[in-house]
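Spelled out from the first residue to the last, the chains are:
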Amino acid sequence: MQIALTLVGPDSDAASQALALLGPALAGAQARVKEPRTLGPGAVDLLVEGEDVAAVRAAAEAALAQTRIDLCAQPWSERRKRLLVADMDSTIIGCECIDELADFAGVKDKVSEITERAMRGELDFEGALRERVAMLKGLPLGDLQRAYDERVRLNAGARTLVRTMSANGGRAVLVSGGFTFFTSRVAQAAGFADNRANTLIETGEGLAGTVGEPILGREAKLAALKEEAAGLGIALSQTLAVGDGANDLAMIEAAGLGVAYRAKPIVASQADAKVDHADLTALLYFQGYRAEEFVTD
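Presented here is a report on the structure given in the accompanying data block. The structure displayed is predicted, hence computed values, not measured ones.

What counts as what
Residues numbered from 1 in each chain as written. Predicted model: local features only at pLDDT ≥ 70, side-chain atom pairs only at ≥ 80, totals over all residues. Heavy atoms only, no water. Axes fitted to C-alpha atoms, helices over the stretch in contact; angles between N-to-C directions. Helix = DSSP H or I, 4+ residues; strand = E, 2+ residues; numbered from the N terminus. Parallel < 35°, antiparallel > 145°, perpendicular 65-115°, else oblique. Left-handed = near helix turned anticlockwise from the far one by under 90°. Contact = heavy atoms within 4.5 Å. Salt bridge = Lys/Arg side-chain N within 4 Å of Asp/Glu carboxyl O. Buried < 20%, exposed > 50% of the residue type's maximum accessible area, 1.4 Å probe, protein only. Pairing = 2+ DSSP bridges. Right-handed = clockwise from strand over helix to strand, strands pointing away. 1 Å grid on protein atoms, 1.4 Å probe; cavity = no way out; pocket = protein on both sides within 12 Å on 5 of 7 lines; lining within 4 Å. Points joined across faces, edges and corners; volume = space filled by probe spheres on them. Nonpolar A, V, L, I, M, F, W, Y, C, P; charged D, E, K, R; others polar. Lys, Arg positive; Asp, Glu negative; His and termini not counted. Polar contact = N/O pair within 3.5 Å; in protein donor to acceptor, adjacent residues only side chain to side chain.

## Here's the deal with the packing of helix H1 (residues 12-28) against helix H2 (residues 53-63)
- Running from N to C, H1 and H2 point in directions that differ by 140°, and their axes come no closer than 9 Å. Classified by the interaxial angle, the pair formed by H1 and H2 is oblique. As for the relative orientation of H1 and H2, their crossing is right-handed in sense. Contact residues: H1 offers Leu21, Leu22, Ala25 and Leu26, while H2 offers Val56, Ala59, Ala60 and Ala63.

Structure representation (structure tokens):
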């Protein structure tokens, strides 16, 4: 079968060095590399003839384990996805919004510890969210806008990823276990068509310390992926999901291409591909886009 093996590194030299390591490794996996093609600075696409995608991926990962190369092995067909479903916190943006709100409330250490454990899959997400939101009771509503203005920044490549897929007929949806106050603003900034998240309950001029039910967590993210795909009339094989925490795992496993971005070990071990070094434009390279096709500001 024809397999797409995409390498994304910090520069062209790193990609060239990676190519030299791959030949023997892939031969051991009974795979043959055809002529590579350059997709962009540090990004190379290989058409591989092989019997098993998993074997090619494992061989490539082993060969490049000591390098700063992100890679993706997948069937060559249907590489360009028609739906992107992305997590927000620590994926599309570089922070956890609830931790930043907790900083303004003076409880960041406690909240951050719970966040980390929940993202690692050590705690029930819904219960952990209720516990953390309760610590925010009485936080002035103005601090939500302050947190957005001062702390929230799009991760490198996020807007290019969303705009490029959208310009090529794809739909991009932001699905977060965080809060609509932030997803609505981040979605607009990055160019997402829609967003789904949890709602913080307000009382007077501050937060009530509760969150709207039902809570959007792991299963709701999976449901969002399936509902969005059904709305487009496409198979899950034509979808891409990206996230970093345990509550993203179900949608990452179900998507045609599930990507772990700077992810917790439980997610990285189950995803189709990992992005640990490159920025989010790696997800475009994985789909076979060339740098000159990127839609940038």
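Moving on, there is more to tell.
## Thoughts on the pattern of salt bridges
- Tallied over the entire structure, the rule returns 22 salt bridges.
- For the salt bridge of Glu293 with Arg80, the shortest nitrogen-to-oxygen distance reads 3.0 Å. Residue Glu293 is found in the segment after helix H12 (282-286), and its partner Arg80 is found in the loop between strand E5 (70-75) and strand E6 (83-86); the two are separated by 213 residues along the sequence.
- The salt bridge involving Glu150 is made with Arg146; its shortest N-O contact spans 3.4 Å. Of the two residues, Glu150 and Arg146 are both situated in helix H6 (residues 142-151); the distance of four residues between them amounts to about one turn of the helix.
- Assessed through its relative accessible area of 45%, Glu150 is described here as partly exposed.
- We classify Arg146 as partly exposed; its relative accessible area is 39%.

## A word on the pairing of strand E8 (residues 194-198)
- Relative to E8, strand E7 (residues 171-179) is paired through four bridges, and the arrangement is parallel. Opposite Val173, over in E8, you have Asp194 as the bridge partner.
- Running through helix H8 (residues 180-190), the crossover from E7 to the neighbouring parallel element E8 is right-handed.

## Here we look at the layout of surface pockets
- Reported here for the largest pocket is a volume of approximately 180 Å³.
- Every residue along the wall of the largest pocket is listed here: Ala60, Glu61, Leu64, Ala65, Thr67, Ile69, Asp70, Leu71, Ala273, Lys274, Asp276 and His277.
- Sorting the residues of the lining of the largest pocket by element identifies H2, E5 and strand E13 (273-275) as the ones contributing at least two each.
- Here the lining of the largest pocket is composed, by residue class, of six nonpolar, two polar and four charged.

## Topic: unusual backbone geometry
- Backbone torsion omega between Glu213 and Pro214 reads -5°, so that peptide bond is classified as cis.
- One can find Pro214 in the loop between strand E10 (206-211) and helix H9 (218-232).
- Even without glycine at this site, Glu78 takes up a positive phi of about 60°.
- Along the polypeptide, Glu78 turns up in the loop between E5 and E6.

## Brief notes about the sheet that holds E8
- Spatially, the six strands line up as an open sheet ordered E8-E7-E6-E11-E12-E13, and their pairing is parallel. This sheet does not close on itself; its edge strands, each paired only once, are E8 and E13. Recorded for the sheet is a direction-independent mean angle of 20° between the axes of neighbouring strands.
- Sheet topology note: the strand E12 (residues 257-261)/E13 ladder contains three bridges and is parallel. Note on E13: the bridge partner recorded for Val259 is Ala273.

## Concerning the side chain of Asp89
- One can find Asp89 in the loop between E6 and helix H3 (97-105).
- We note that Asp89 is buried and unpaired, the nearest opposite charge coming from Lys221 at a distance of 7.2 Å.
- Side-chain polar atoms of Asp89 contact the side chain of Ser176, separated by 3.5 Å.
- Once residues lying within four places of it in the same chain are set aside, the contact partners of Asp89 are Cys95, Glu96, Cys97, Ser176, Gly178 and Asp244.

## Things to note about the environment of Gly169
- Structurally, Gly169 can be placed in the loop between helix H7 (158-167) and E7.
- Classification of Gly169 by relative accessible area gives exposed; the value is 54%.
- For the pair formed by Gly169 and Ala246, sequence separation is 77 residues and the distance between their alpha carbons is 29 Å.

Interpretation note: all reported values are geometric properties and have no functional meaning in isolation.
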